Amino acid sequence: MATILVYVETRGGAVQPIAFELLAAARSLAAPAGWTVEALVCAADPAAPAVEITAADCVLTMAHPALSPYLPEAHAAALQAVVDERQPDVVLFGYTTAGLDLAPATAGRTGRTLAAYCRTLALDGGALTASAQVYGGKLIAGIEAPLPAVACVMPGAFAEDAGRIAGSPERIVLPAPATLGALKTRVLEELFPEAGGVDLTQASRILCVGRGIGEAAKIAGAAEVAELLGAELAGSRPVIDAGWMPKARQVGKSGTKVRPKLYVAVGVSGAPEHLEGMAKSDLIVAINSDARAPIFGAAHFGAAIDLFDLLPALADRLRAG
Amino acid sequence: MHAAVVLRLVPDIADDLEISESGNDIDREWVGMKLNEFDDHALEEAVLLKERAGASVTAVALDGDGVDKLLQSAIARGADRVVKITYDELPPLPAAAAVAAILADAIQALGADVVLTGVQTPEDAGGQLAAALGARLGWPHLSAVAGVQPAPDGLIVRQEHSGGYATRVHAAGPVVLGVQSASQPPRYVSGSKLRQAIGVKPEKRAGGEAFAGPVAMVRRLAKPASGGGAAMWKGDADAVADQFVALLRERGLLKG
Amino acid sequence: MPMPSPLAVLALIAVAVLVAGYRARVLIAAIARAPAAHRWDQPWQRLGFVAREVGLHRRLLQIRLSGSFHLMIFCGFVVLFSAIVADFGAGLFPGFSLHAIGGDTWIALLQDVFALVLLAAIGLAIWHRFVIRPARFAGSRTTDATLIYLFVIAIVLSMLTEAASGIAAGNVAGGWRPVSGALAAALTGAGLGADGAAALHAGATWVHMLAILGFLAYIPGSKHRHMFTAIPNIFFRPLTPRGVLPAPPEARGQVGISKIEQFTWKDVLDTASCTECGRCQAACPAFAAGQPLSPKKLIMDLRDRIMADAADSAGPLLGGTISEQTLWACITCGACMTVCPLHIEHVPKIVDMRRQLVEEARVGPGLQDAFANMQRTGNSMGKPARQRARWTKDVGFKVKDARKEPVDILWFVGDYASFDPRAQRITIAFAKLLHAAGVDFGILSDAEQNSGNDIRRAGEEGLFQTLARSNMDALSECTFQRIVTTDPHSLNALRQEYPALGGAHAPVLHHTDLLLELIEAGALKLKPGSGATVTYHDPCYLGRYNGGFGAPRALIERAGYRLHEMPRNRENSFCCGAGGGRIWGDDTGVTERPSENRIKEALALGDATLFVVACPKDMVMYTAAIEALDVRGKLAVRDIVDLLELAEA
Ligand SMILES: Cc1cc2nc3c(=O)[nH]c(=O)nc-3n(C[C@H](O)[C@H](O)[C@H](O)COP(=O)(O)OP(=O)(O)OC[C@H]3O[C@@H](n4cnc5c(N)ncnc54)[C@H](O)[C@@H]3O)c2cc1C
Ligand code: SF4
Ligand code: SF4
């Protein structure tokens, strides 16, 4: 029977959220065709994370010391062995560092076709069809990947709930291939994010406050929302000028140029010097009471609304989780 | 050490992108092309390897419009040698495997033992080149590389993951690196150095045999539903907050 | 005490000259081995200028008080030179005197009077330096100045004493010497006998000579060098138009300057001439903004580096003697060069050092982005070249493409005017005015690139050459009579820099020139303006660099507004802070942005409600400054074009 193999990314013994989205994707592909879904957990000690996986028909585990922490060469070798042996029709990866490593590697080493940046997936005759986000999201590509195929799926494209449903998958332990004993690369150390010092260029989420905030005392409200969002707090030039935030938090031409995954601008008008510093962010949400503020030209989503109304409402919801 | 850097010209996505008549490519006649941003970092990292460890640097690019100028600028940046690879034909937004097939032989023939290229491009819907080249060459590879240090017995590579987590990986033999950011921002090359490099004529080499296996194809390109400008949320603060949170959830951007 | 014998005088002179020569040796050697600068052309014009500049004290008198006492000291020295000649003449050749040409009559009178004038001037100078203490002296060497005062006082007092005791002793005629005469009377009255007077006369003569020779020996190590270097320095000043930045000399073999020895002899002379007066520092907007740049300090630091013998001048020039931040702080506004009484050339030195930093890629991220964008797209914003003419969609008629058809006026639009939404508004308004006036005009569309004016000043010479060539090529493909631009930076490049590179010499107008011309010819009929009071900011590259002071003011008047000038206007205009590539830099360390300083100046006028500008960058800078100061209700920025409202047909 035809199968879909989901690569389950783990870190520190825990399954990464993207894996559940992939399981959801796999199920939505498999169900109409009556295919089965297999999940593969490769780690030094895969048993614990594997337990978290319930939404597959079968959970494959492979244990080898070289598999944790994540090392591309080791995981590529493991996948090659598994895919060669089990011959899945579709292999799914998430668009993460591991996905960037392993999707093309698996496709290349096992002679499979590949579709990257997928937001939707479907089976169409002998091919996997996908719509992929290209050119910084400006265009959508319709891709046709003859089976057997590999797909790399964008985070957020599939809701993870469907990948978390309960079930009692069959559990199979796979032997580690001999290639894992002869690797040319090895992990020297793991580096964890440090708390403290700001470096906006490294932030994946930023909440930027503009002069619309009005006064220093109001920054606290925005800071709370930033905290709840897991975002760094930033400011436009007037906010920095006023001394409400240190210069290291200024976004724009004469500050820092940033490109986070999420950029929320509240009370920022969107002067060209500001846009220069943030317009390339992946997702921009703007809140400004003036519907004609130029920031809306650069934002993907926006609301013309008073920020002092929105921030508390947003905080409530984020706190509630 | 001999570092080969693969450089690619990609459309400037700040430009208006129009879809070609065939429907499966952008209209390349008018669009401005620029060096892929990540390749720029890969080149910088290669030049740093040259400065820190005496590596020789060869910049490689598929032949095409503007490639001479691109490679000349690589010379001005510090590359020792520049090579353009000729090939028969590639479909629009080609599969990484097909590109890797063209490049791999040439890279091997150059005698390179480390290959650097950008981790991705705005148009590599057919997969990322670094890992595909690794597969083709049979070398280990690392994507999302943020800094390479020479070590006595190889290289130490920093690989970045989400959430600020990273690993330092030692690579003993030949390796392919998909560079996300160089150890320091790409240096500026002055106009006078560029003008000097204009005289350089890149070497030409034939690429490998076309890729034989099946590949994915881009069948059509389309503009996403919402055009320019923000999609505006309506309603009061509560309604907006709901839509905001729903968006974050949908995009997997909620904290945690 | 006997009078000095000729041999003793000769010996003293020899010692003083040797000491002075020794002290000047480093400078002389530095000038002798420095690379060439070609400054011997048009000698008569140069001489005439020196005579006017030195004689009239034009620049010095811009600051009334210090200019006045400098003039007094200057004249005093000229007159007292006669006393020096008389003394040393007599000392060397007993019997020598100026008697024949009036040494005991009018010259004596002048000496007496100017001795007092000099004392008074030195008194003023001391009061000025130690009591008033103008900020511009901050960083100047006080001991040096004090020593000079003491020398001058010693010279004058000994001269008076010499004359007075001479009169008392009966050796000197007193008739034409009212001051020394009175002094002599006082001495005699105090009981000084003839012998005593003769001894005092000899003693004073000694002191006078020693003071003079001591001063002479002291000068080479002091700012008073300018007594000798000022005239040559003004003589050798550049005659090239102000808007042309010198290209790197071929012979240097590198684009920029990285070693002190690479400065030309004129640069060395510049540094040796600086009087540390600080006028440049007081005029410098970067200094006022709290940036680590004082043009005075820069010149002094270069001088000290030259004067420190090569051996002990360790450390790099760039990033050592002169810090990188100092070099990048300059806005190239040219205010320093406009006020410097010695006509010292600060900006070319700064740019030469920047050129080296650019070659070594030692540039900040903002500047690097702008450069890289320009290499790629021809504009600093990195906007696709094809979008350059996008604004033409909003003018309501078709703007001609000058590459496709001949036009009368070719409009070189410029980056900000093409791409920045705030400046675009002006661009569109100007297009409509041209259209209404029936002007046949066209643009280069996407063949236009940044003019390179500021790129050149930011030290990116190679990129400037590339941009300039590309624009010159594009222009040479088109047929037109004249060029117009709303952008003073482009104006400067097209009018001054391109011809120096061998570009065509078509007349280049600023839009204010053309608009005034159209109004005067009756082609544009204006609605009378509101009569509101406005103020006007002279853009550096229109005003100071290109002398465009009149047209904007005439237009403001024609448009029916009342112009209330800010204190710093015309030549003394205060830069907005955007020039020389600064608009691309970050502003860490700026305590007060020049643009905000300027807006405060306008607000202080009290009655001006509009801040009128004539440069797209000014529109951007001052709009942001008004936002930053949050004074939107009080003052609004307008381009001159905004003031011109067409009368209903
Ligand atoms: C050379 C140069 C460099 C510059 N560099 C930078 C830079 O690096 N970064 C930068 O940010 N700017 C920079 N600027 C300044 C820039 O031009 C703008 O002045 C600045 O970005 C405006 O900041 P703002 O949007 O916070 O303020 P404003 O323009 O004053 O906008 C405030 C906004 O808040 C909105 N608002 C007010 N009250 C509320 C409310 N209760 N709820 C919701 N919205 C509200 C208003 O509608 C308005 O749109 C630079 C300018 C120049 C000339
Ligand atoms: S040009 Fe202007 S900014 Fe530069 S040193 Fe002179 S006065 Fe200062
Ligand atoms: S450079 Fe000129 S203005 Fe500046 S201190 Fe020296 S003499 Fe005065």
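Parameters and conventions
- Residues numbered from 1 in each chain as written.
- Chains lettered and ligands numbered in written order.
- Predicted model: local features only at pLDDT ≥ 70, side-chain atom pairs only at ≥ 80, totals over all residues.
- Heavy atoms only, no water.
- Helix = DSSP H or I, 4+ residues; strand = E, 2+ residues; numbered from the N terminus.
- Buried < 20%, exposed > 50% of the residue type's maximum accessible area, 1.4 Å probe, protein only.
- Areas by Shrake-Rupley, 256 points an atom, 1.4 Å probe, with all protein chains shown as cover.
- Lys, Arg positive; Asp, Glu negative; His and termini not counted.
- Charge placed at Lys NZ, Arg CZ, Asp CG, Glu CD.
- Core = buried A, V, L, I, M, F, W, Y, C linked by side-chain atoms within 4.5 Å.
- Contact = heavy atoms within 4.5 Å.
- Near = heavy atom within 4 Å.
- Polar contact = N/O pair within 3.5 Å; in protein donor to acceptor, adjacent residues only side chain to side chain.
- Nonpolar A, V, L, I, M, F, W, Y, C, P; charged D, E, K, R; others polar.
- Pairing = 2+ DSSP bridges.
- Axes fitted to C-alpha atoms, helices over the stretch in contact; angles between N-to-C directions.
- Expected span 1.5 Å × (residues − 1).
- Phe/Tyr/Trp six-rings, centres within 6.5 Å; stacked < 30°, edge-to-face > 60°.
- Buried area = accessible area lost by both parts, 1.4 Å probe.
- Salt bridge = Lys/Arg side-chain N within 4 Å of Asp/Glu carboxyl O.
- Left-handed = near helix turned anticlockwise from the far one by under 90°.
- Domains from an automatic or database assignment.

Side note on the overall build of chain A
Regarding its fold elements, chain A presents nine helices and 17 strands. When the 321 residues of chain A are sorted by exposure, 55% land in the buried category. For chain A, the accessible area works out to roughly 11,800 Å², and carbon and sulfur atoms hold 53% of it. Counting 25 positive and 32 negative side-chain charges, chain A places the centres of these two groups 7 Å from one another.

Points about the nonpolar core
With 133 residues, the main nonpolar core has L317, M353, F371, W411, F441 and F611 of chain C as its most contacted residues. Of all the elements, helix α20 (residues 461-476) of chain C adds the most residues to this core, at seven residues. Residues within four places of M353 of chain C in sequence aside, it is in contact with I257, F263, L298, L302, L317, L318, I322 and L327 of chain C. In this structure, C42 and L71 of chain A together with L70 and A131 of chain B belong to the second largest nonpolar core, which totals 62 residues.

Observations concerning the site of ligand 1
The environment of ligand 1 is made up of 32 residues, and the closest members are R211, S236, S254 and S269 of chain A together with E627 of chain C. Proximal residues around ligand 1 fall on chains A and C, making this an inter-chain site. Contact between ligand 1 and R211 of chain A: an oxygen atom at 2.7 Å from a main-chain N or O atom of the residue. Considered on its own, ligand 1 offers 980 Å² of accessible surface; in the complex 89% of this is hidden by protein. For the shell around ligand 1, the elements supplying multiple residues, two or more each, are α6 (237-241), α7 (272-278) and α9 (307-320) of chain A together with α25 (616-629) of chain C. Ranked by residue count, the leading element in the shell around ligand 1 is α25 of chain C, at four residues. Broken down by class, the residue content of the shell around ligand 1 amounts to eleven nonpolar, twelve polar and nine charged.

Focus: the sheet that holds strand β13 (residues 205-209) of chain A
The six strands are arranged β14(A)-β13(A)-β15(A)-β16(A)-β17(A)-β13(B) in an open sheet whose pairing can be described as parallel. Taken across any chain shown, the strands that pair with only one partner, and hence form the sheet edges, are β14 (232-235) of chain A together with β13 (231-232) of chain B. Inspection of the sheet shows strand β17 (residues 301-303) of chain A paired to β13 of chain B by two bridges, in the parallel sense. By the bridge assignment for β13 of chain B, G302 of chain A is matched with M232 of chain B. On the sheet, helix α5 (residues 219-229) of chain A packs against β13, β14 and β15 (262-266) of chain A and is oriented at approximately 170° with respect to β13 of chain A.

Considerations on helix α5 (residues 142-169) of chain C
Since one α-helical turn is 3.6 residues long, residues separated by three or four positions face the same way. Taking 1.5 Å of rise per residue, the 28 residues of α5 of chain C would be expected to cover 40 Å, and the 40 Å separating its terminal C-alpha atoms lies within 8% of that figure. Directly beyond the C-terminal end of α5 of chain C, a positive phi value near 80° is found at G170 of chain C.

Considering the packing of aromatic side chains
Residues and elements named next belong to chain C. Applying the stated rule across the entire model yields 19 aromatic pairs over all chains. Where F151 meets Y218, the ring centres are 5.6 Å apart and the plane angle is 35°; that geometry is what we call tilted. Here F151, found in helix α5, pairs with Y218, found in helix α7 (residues 194-218); they are 67 residues apart in sequence, far enough to count as distant. Each ring, one from F236 and one from W265, has its centre 4.9 Å from the other, and the planes form 85°; the classification is edge-to-face. In this pair, F236 sits in the loop between α8 (226-235) and α9 (265-273) while W265 sits in helix α9, placing the two residues 29 residues apart along the sequence.

Some thoughts on the sheet that holds strand β6 (residues 90-94) of chain A
Read across the sheet, ten strands follow the order β11(A)-β5(A)-β4(A)-β1(A)-β6(A)-β10(A)-β7(A)-β8(A)-β9(A)-β12(B) without closing on themselves; strand pairing throughout is mixed. Edge positions in the sheet fall to β11 (170-174) of chain A together with β12 (217-222) of chain B, since each has one partner strand and no second. Here the average twist between neighbouring strands, direction ignored, is 30°. Sheet analysis places strand β7 (residues 113-124) of chain A next to strand β8 (residues 127-134) of chain A, joined by six bridges and oriented antiparallel. Within β8 of chain A, the residue paired with L121 of chain A across the bridge is A130 of chain A. Contacting β1 (3-8), β4 (36-43), β6, β7, β8 and β10 (149-153) of chain A, helix α1 (residues 17-33) of chain A crosses the sheet at an angle of about 175° to β1 of chain A.

Thoughts on the pairing of β8 of chain A
All names here are of chain A. Most of β8 is tucked away, with six of its eight residues classed as buried. Connecting the antiparallel pair β7 and β8 is a turn made up of two residues, with G125 showing a positive phi of about 60°. The pairing of β8 with strand β9 (residues 139-146) spans eight bridges and is classified as antiparallel. Counterpart to A130 in the pairing with β9 is I143. Between the end of β8 and the start of β9, which pair antiparallel, lie four residues, with Y135 showing a positive phi angle near 50°.

As for α8 of chain C
Turning to α8 of chain C, its buried residues number three or more, namely H226, T229, A230, N233, I234 and F235 of chain C. Buried residues along α8 of chain C sit against α2 (43-56), α3 (64-92) and α9 of chain C.

Observations regarding the interface of chain C and chain B
Listed by partner, the interface residues are 21 residues for chain C and 17 residues for chain B. With both chains or domains summed, chain C and chain B bury close to 1,500 Å², and 44% of this area falls on carbon and sulfur atoms. Where chain C packs against chain B, one counts one salt bridge. One salt bridge in this structure joins D12 of chain B and R376 of chain C, with 3.0 Å as the shortest N-O distance. At the level of elements, α15 (346-359), α16 (365-377) and α20 of chain C are the ones that each hand at least two residues to the side of chain C that touches chain B. The dominant element in the side of chain C that touches chain B, judged by the number of residues it contributes, is α16 of chain C, at six residues. Taken together, the residues that form the side of chain C that touches chain B break down as eight nonpolar, eight polar and five charged.

Focus on the packing of helix α4 (residues 97-110) of chain A against helix α4 (residues 129-137) of chain B
Working note: a packed helix pair is described by the angle between its axes plus the distance between those axes. At a minimum axis separation of 8 Å, α4 of chain A and α4 of chain B run at an interaxial angle of 35°. The handedness of the crossing between α4 of chain A and α4 of chain B comes out as right-handed. Between α4 of chain A, through L100, D101, P104, A105, G108 and R109 of chain A, and α4 of chain B, the contact on the second element is made entirely by A131, A132 and A135 of chain B. For the contact of α4 of chain A with α4 of chain B, the residue count by class is six nonpolar, one polar and two charged.

Things to note about the domain arrangement of chain C
In many reports, interface size means the accessible area that the parts give up when they come together. Once the domains are mapped, chain C shows domain 1 (6-234), domain 2 (243-359), domain 3 (379-519) and domain 4 (525-643). Computed from C-alpha coordinates alone, the two centres of domain 1 of chain C and domain 3 of chain C are separated by 56 Å.

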